[in-house]
Amino acid sequence: MAELNIRERQAGDITVLDMDGRITIGEGSVALRSAIRRLLEEGKKNILLNLAGVGYIDSSGIGELVSSYTAINKEGGQLKLLSLTQKLRDLLTITKLLTVFDAYDTESDALSNFS
Amino acid sequence: MTEQTSRLVLPSHIEAVTDAAAAATDFVQSCGVAEEAAFGIDMAVREAITNAMVHGNKEDEAKTVEVTLNCLENAFEIEVKDQGEGFDPTSVPDPTDPANIMKTSGRGIFLMRSFMDEVQWSMRPEGGTTVRMVKKF
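These numbers were taken from a predicted model, which means no experiment stands behind them.

### Considering the overall build of chain B
From N to C terminus, chain B includes three helices and five strands. For 137 residues, the compact-globule estimate of 2.2 N^0.38 gives 14 Å, and the C-alpha radius of gyration of chain B, at 15 Å, lies within 12% of that figure. Taking all 137 residues of chain B together, the buried fraction comes to 35%. Within chain B, counting contacts between residues at least 6 apart in sequence, those at least 24 apart form 65% of the total.

The following block contains the structure:
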């Protein structure tokens, strides 16, 4: 089984990535990077990462989230986060990245806050 | 808490990090460490091994990383040894500083310090760096 499984769906012009697994150095981080790169190449710039199924992330995975955020912003798009687990929320809090990322508990809230 | 020791010797390639972290997690659980502390230990072990492989041994597969896990009566102790050229932990900037917050790397040591009670680095006379971390219970 892959370290990180990513399923893609559309909600209007917003692409939702439902992620399940771990975003860690190696396979998990690479899978996220590849998915974001491919979406940007396809012109899909508004992306919601559903992290409900991500129980673990390391510093490499956190770096990949930052890299994704920067790459999407550079293309004029938006990246938002959905359904952080408590551990992931704690990690983004201590690294002060919750001040950077828009994170939502419900998908309807997240989708309505894309401009 | 059952006092016991586990030692792993790993090749310096990234794929080994996940297996080593899983082995460390199994060992931590066998020691009876509470889940919240186990998560922090797992995180610190993973980051220390990654640093040793990537920044210490520069992913040179001829070099190994040695991990020793000690489950003590009131603490969990971890030592990670690389065969690199040395490391100055003070050279790593604070990743929570606004100037660094959007950097894509440089958070591993911060996380190790966040989750463990003690983190110390030392250079061995024969070469290589040892990082020793302690989580008290």
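Further notes follow.
### Structural notes on the overall build of chain A
Across its full length, chain A holds four helices and five strands. Each helix and strand of chain A, placed in order from N terminus to C terminus, yields the pattern β-β-α-β-α-β-α-β-α. Taken over the C-alpha trace, chain A has a radius of gyration of 13 Å; the compact-globule value for 115 residues is 13 Å, and the two agree within 12%. Principal-axis analysis of the C-alpha atoms places the extent of chain A at approximately 30 × 25 × 25 Å.

### Concerning the sheet that holds strand E4 (residues 118–123) of chain B
All names here are of chain B. On the basis of which strands lie adjacent, the open sheet formed by five strands has the order E1-E2-E3-E5-E4 and antiparallel pairing. Only two strands of the sheet have a single neighbouring strand rather than two, namely strand E1 (4–11) and E4. Here the strands of the sheet are splayed against their neighbours by 15° on average, with no regard to which way each runs. Sheet topology places strand E2 (residues 64–71) next to strand E3 (residues 75–81); six bridges connect them, and they run antiparallel. Residue pairing across strands places Glu66 opposite Lys81, the latter belonging to E3.

### Observations concerning the interface of chain B and chain A
One frequent convention defines the size of an interface as the accessible area lost when the parts assemble. Residue-level contacts link 19 residues of chain B with 16 residues of chain A. Secondary structure elements with two or more residues in the side of chain B that touches chain A: helix H1 (15–30), helix H2 (35–56) and helix H3 (108–115) of chain B. Ranked by residues supplied to the side of chain B that touches chain A, first place goes to H2(B) with five residues. Of the residues in the side of chain B that touches chain A, the class split is eight nonpolar, seven polar and four charged.

### Brief notes about the packing of H1(B) against H2(B)
All names here are of chain B. Closest axis-to-axis distance for the H1/H2 pair is 9 Å, and the angle between their directions is 150°. For the pair H1 and H2, the crossing hand works out as right-handed. Facing Val17, Ala20, Ala21, Ala24, Thr25, Val28 and Gln29 of H1, the residues of H2 in contact are Ala38, Ile41, Asp42, Val45, Arg46, Ile49, Thr50 and Met53. In the contact of H1 with H2, the residues fall into ten nonpolar, three polar and two charged.

### Some points on the nonpolar core
Grouped together as the largest cluster of nonpolar side chains are 30 residues, with contacts concentrated most on B:Ala44, B:Val45, B:Ala48, B:Ile49, B:Ile78, B:Val80 and B:Met112. When residues in this core are grouped by element, the largest group, nine residues, is from H2(B). With near-sequence residues (within four places) excluded, B:Val45 lies in contact with B:Ala21, B:Ala24 and B:Ile78. Of all hydrophobic cores here, the second largest spans 28 residues; its members include A:Leu4, A:Tyr56, A:Ile62 and A:Leu79.

### Things to note about helix H2 (residues 59–74) of chain A
Residue and element names in this part refer to chain A. When the terminal C-alpha atoms of H2 are compared, their 22 Å separation across 16 residues agrees well with the 22 Å that a helix rising 1.5 Å per residue should span. Restricting attention to buried positions, one finds in H2 the residues Ser59, Ser60, Gly61, Ile62, Gly63, Glu64, Leu65, Val66, Ser68, Tyr69 and Ile72. Positive backbone phi, at 85°, marks Gly76, one or two positions downstream of H2.

What counts, and at which threshold
- Residues numbered from 1 in each chain as written.
- Chains lettered and ligands numbered in written order.
- Predicted model: local features only at pLDDT ≥ 70, side-chain atom pairs only at ≥ 80, totals over all residues.
- Helix = DSSP H or I, 4+ residues; strand = E, 2+ residues; numbered from the N terminus.
- Rg over C-alpha atoms; globule rule 2.2 N^0.38 Å.
- Buried ≥ 20, exposed ≤ 12 C-beta atoms within 10 Å, placed from the backbone.
- Contact = placed C-beta atoms within 7 Å.
- Pairing = 2+ DSSP bridges.
- Axes fitted to C-alpha atoms, helices over the stretch in contact; angles between N-to-C directions.
- Nonpolar A, V, L, I, M, F, W, Y, C, P; charged D, E, K, R; others polar.
- Left-handed = near helix turned anticlockwise from the far one by under 90°.
- Core = buried A, V, L, I, M, F, W, Y, C linked by C-beta atoms within 7 Å.
- Expected span 1.5 Å × (residues − 1).

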